[in-house]
Amino acid sequence: MTEWTMVGALRRALADAMRVDDRVLVFGEDVGALGGVFRVTDGLQEEFGAERVFDTPIGEAGIAGAAVGLAFAGWKSVVEMQFDAFSYPSLEQVIDHVAKMRTRTRGRIDMPITIRIPSFGGIKGKEHHGESPETYYVHTAGLKVVSPSTPLDAYRLLRAAIADPDPVVVLEPKARYWPKEAGELTADGPGIGEARVLREGNACTVIGYGAMVVRCLEAAETVAASDGIEVRVVDLRSLSPLDLDLLEACVRETGRVVVVHEAPLTLGMGAEIAARVMELAFDHLEAPVARVTGWDVPYPPASLEQHYLPSVERIADAIRRTVAY
Amino acid sequence: VEAPAHWAGTDPVRVLDPDGSPVGDPDVGLGREELHALLRWMIVARRLDRECVALQRQGELTVYPGFEGQEASQVGSAFALGPEDFVFPTFRELAAALVRGVDPVRYLWYHRGTWHGGPYDPRATRFGPICIPVATQVIHAVGYAMGVAKDGSDAVALGYVGDGAASEGDFHEGANLAAVFGAPAIIFVQNNGWAISVPTRLQTAGEIWKRAEGYGMPGVRVDGNDVLAVYRVTREAADRARRGAGPTLIEALTYRIGAHSTADDASRYRDDAEVEGARAFDPIARYRTWLLAAGHADDSVVAGFEDEAETFALGVREGLVAQGPPPAEWMFDWVYAVPPASLEQQRREALG
């Protein structure tokens, strides 16, 4: 069985998508000869040529805006924003046009645009290289937002994003770019809008996404070993739209929820999930929804990032408190 | 009479002097019918613009941004494009929209608060959605131009933009992209002297067309109130783009006779004397004078266009006021190709 890194799986997803659909373009900063600063686009320009895989001048609004114009001309752009914080100059284009163009043209113009953003922290990056931008995108109607946690699922989600007629923001967890997973790459399986259960348990549901999923799983093993608590772990995968059916079922079946994300506490995904589960299954909640998140501070320097990121211990403590409530 | 202050500096390309006399050879390659069409569109557009201001005053339109004084810039440039070319407008290009065949009632749905963006069919008319976030549409034009070039088409894209928008980062990013990729794009700046209340001299210390050299593309400064000159330079830019010779930056010097919009009070920042001075450079009067003097038209032709404009404007009014508010489900209809269940739930809640 082949072993895949997330970088390799994403690269394969791009290549496969370009092979099956000759309207797919890949562009961004340093994605050509260099193959991207994380090498996700390595070899694509060689295989598909500089008309379909090309470097752009540095200018993220230009990248996103060009994707809009290219969509008017019938092209499906997969653009790379080099790092999370570097996506901010493109926000006007993304919020005003990418997200709204279907509505603004009464359904006449699709925006089949995929915006790949290497995201989140945990790699001892410089400032502006470790941010969690998801709330900006999730809060924008017209966008879909996904974040994979493993190589095989990264392949599946990126293929789904490229095939989607609507714009999809793919937040790729840099901290999970290099660990390997064995298996066959396939686009089949859960799609955008579907979460998946990675570990069964009835005492509590722990919900994470991106690089936090592996920490949620570790925390689950920790509390199982230390306290005999068996928790369910859900990989959210799709931040927008949310898999409300699965969230509701988890609350009904476990009665307790812990949400984990790197993004700051305030108005993070945890806030939305807490509100949703309360609306959907208030009577089944046995404890307040707990949130284990980054702090409401700018992302710290490398030497402090482990004080910022939700640790296995913090997650385990939150599980214990929630189960004991 | 002195020209508006922001026309100072490099002399613009002219076919006709402000008094209507030709500067050199006035033949820009248009036949009599097309020469008439330029006048007809300018007269019709001005009459409709004034009707729109009245419609706003009567509560039939929300805020309306007029374009009086800019008819030659818009009509001349739009007329120079072919049917396969694509226009990405700002919010002030109703005259260009008319030339492109956009249904004015549908266009004005935008200003009636009926629907956002492009209530008309942008693909059918090859006229993109009305765009308020200034300069963002420049990049769309460039992206579109890159796209059609990849398909081997000889179509070009034209992005309109104002002098104020030329201060935006997206103007720069679009121009830079266009030049780097040699995109068949035209960036057409209507420098009307005012960005809401701020004069051009406080937007930019240089001449906008000169930036082209820094980007590595041709730049042209044209008298935007000379419809033949605007037609000529736009046609040349389009021909160049079709030949694969890349983009052009055009700065058209024109003047915004009205306020920024019907919500604006220009008396707070602009002297009436300046506006009165600018009327001496009126684009319709200049062109009409030449057409009559050159024997291309007589008074009855002009009168005919004026009658037509009257009927046209009243027809638009009639179509517009008949338009009630759209159904509330439109809010939900096109957010996603396939709406997620949670949005369907909100639709049910909103619509009962």
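Note that the coordinates shown come from a computational prediction; the quantities given were computed from them, not determined experimentally.

J.: Hey, could you go over the sheet that holds strand S13 (residues 257-264) of chain A for me, with residue numbers and the actual values?
T.: Residue and element names in this part refer to chain A. The sheet built from 5 strands is open, its strands ordered S9-S11-S10-S13-S14 with mixed pairing. Of all the strands in the sheet, the pair left with one neighbour each is strand S9 (196-199) and strand S14 (290-294). Shown here is a sheet whose adjacent strand axes are inclined to one another by a mean of 25 degrees, direction ignored. The pairing of S13 with S14 spans 5 bridges and is parallel. The residue of S14 that forms the bridge with valine 260 is valine 292. Its contacts with the sheet put helix H8 (residues 212-227) on S9, strand S10 (205-208), strand S11 (232-235) and S13, and the angle it makes with S9 is roughly 45 degrees. Packed on one face of the sheet, helix H9 (residues 244-254) meets S9, S10, S11 and S13 and runs near 170 degrees to S11.

J.: An account of the side chain of asparagine 191 of chain B is needed here, citing residue identities and associated values.
T.: Residue and element names in this part refer to chain B. The topology assignment puts asparagine 191 in strand S3 (residues 185-191). There is a polar contact of 3.0 Å between the side chain of asparagine 191 and the side chain of threonine 200. Aside from chain neighbours lying at most four places away, what touches asparagine 191 is His6, Asp163, Thr200, Ile208, Glu251, Ala252, Leu253 and Thr254.

J.: Go over the sheet that holds strand S7 (residues 248-253) of chain B with me, naming the residues and quoting the values.
T.: Residue and element names in this part refer to chain B. Ordered in space as S1-S2-S3-S7-S6, the 5 strands form an open sheet in which the pairing is parallel. Each edge of the open sheet is held by one strand with a lone partner, namely strand S1 (86-88) and strand S6 (219-223). Within this sheet the neighbouring strands show an average axis-to-axis angle of 20 degrees, counted without direction.

J.: Would you mind going over the environment of glycine 214 of chain B in detail, with residue names and values included?
T.: All names here are of chain B. Looking at where glycine 214 falls in the secondary structure, it is placed in helix H9 (residues 211-215). When its relative accessible area of 73% is taken as the criterion, glycine 214 is described as exposed. On a C-alpha basis, the gap between glycine 214 and alanine 179 in space is 9.8 Å, while along the polypeptide they are 35 residues apart.

J.: How would you summarise the environment of proline 310 of chain A if you had to cite specific residues and measurements?
T.: Residues and elements named next belong to chain A. Mapped onto the fold, proline 310 is located in the loop between helix H11 (305-308) and helix H12 (312-324). Taking relative accessible area as the criterion, proline 310 reaches 0% and is therefore assigned buried. As a C-alpha pair, proline 310 and methionine 6 span 304 residues in sequence and 22 Å in three-dimensional space. Setting aside residues up to four positions removed in sequence, proline 310 forms contacts with Met212, Arg215, Val260, His261, Glu262, Val292, Thr293, Gly294 and Ile315.

J.: Account for unusual backbone geometry, naming residues and giving values.
T.: Residue and element names in this part refer to chain A. Serine 240 connects to proline 241 through a cis peptide bond whose omega is 0 degrees. Within the secondary structure, proline 241 is located in the loop between strand S12 (238-240) and H9. Even without being glycine, leucine 267 reaches a positive phi, approximately 60 degrees. One can find leucine 267 in the loop between S13 and helix H10 (269-281). Since its relative accessible area comes to 64%, leucine 267 is described here as exposed.

J.: Can you lay out the pattern of salt bridges for me, pointing to particular residues and giving the numbers?
T.: What the rule picks out here adds up to 45 salt bridges over all chains. In this structure, the salt-bridge partner of arginine 19 of chain A is glutamate 47 of chain A, at a minimum N-O distance of 2.9 Å. Taken together, the residues span a long stretch of sequence, with arginine 19 of chain A in helix H1 (residues 6-20) and glutamate 47 of chain A in helix H2 (residues 44-48) at a distance of 28 residues. In this structure, arginine 50 of chain B engages glutamate 68 of chain B in a salt bridge whose closest nitrogen and oxygen atoms are separated by 2.6 Å. Here arginine 50 of chain B is found in helix H1 (residues 32-57), whereas its partner glutamate 68 of chain B is found in the loop between H1 and helix H2 (71-79), with 18 residues between them in sequence. A relative accessible area of 44% places arginine 50 of chain B in the partly exposed class. A relative accessible area of 12% places glutamate 68 of chain B in the buried class.

J.: Tell me about the confidence of the model for chain B, and please be specific about residues and values.
T.: Per-chain confidence: chain B averages 97 in pLDDT, with 100% of residues scoring 70 or above. For this predicted complex, the interface confidence reaches an ipTM of 0.97, while the overall pTM sits at 0.97.

J.: So, the packing of aromatic side chains: which residues are in play, and what are the values?
T.: Residues and elements named next belong to chain A. Counting across every chain of the model gives 24 aromatic pairs over all chains. When the centroid spacing of 5.0 Å and the interplanar angle of 70 degrees are considered together, the rings of tyrosine 299 and tyrosine 308 count as edge-to-face. You'll find tyrosine 299 and tyrosine 308 in the same group, each marked buried. Directly above the aromatic system of tryptophan 75 lies the positively charged group of arginine 23, at a separation of 3.6 Å from the ring centroid.

Cut-off values and rules
Residues numbered from 1 in each chain as written. Chains lettered and ligands numbered in written order. Predicted model: local features only at pLDDT ≥ 70, side-chain atom pairs only at ≥ 80, totals over all residues. Heavy atoms only, no water. Pairing = 2+ DSSP bridges. Helix = DSSP H or I, 4+ residues; strand = E, 2+ residues; numbered from the N terminus. Axes fitted to C-alpha atoms, helices over the stretch in contact; angles between N-to-C directions. Contact = heavy atoms within 4.5 Å. Polar contact = N/O pair within 3.5 Å; in protein donor to acceptor, adjacent residues only side chain to side chain. Buried < 20%, exposed > 50% of the residue type's maximum accessible area, 1.4 Å probe, protein only. Salt bridge = Lys/Arg side-chain N within 4 Å of Asp/Glu carboxyl O. pLDDT = per-residue confidence, 0-100. Phe/Tyr/Trp six-rings, centres within 6.5 Å; stacked < 30°, edge-to-face > 60°. Lys NZ or Arg CZ within 6 Å of the ring centre and 35° of its normal.

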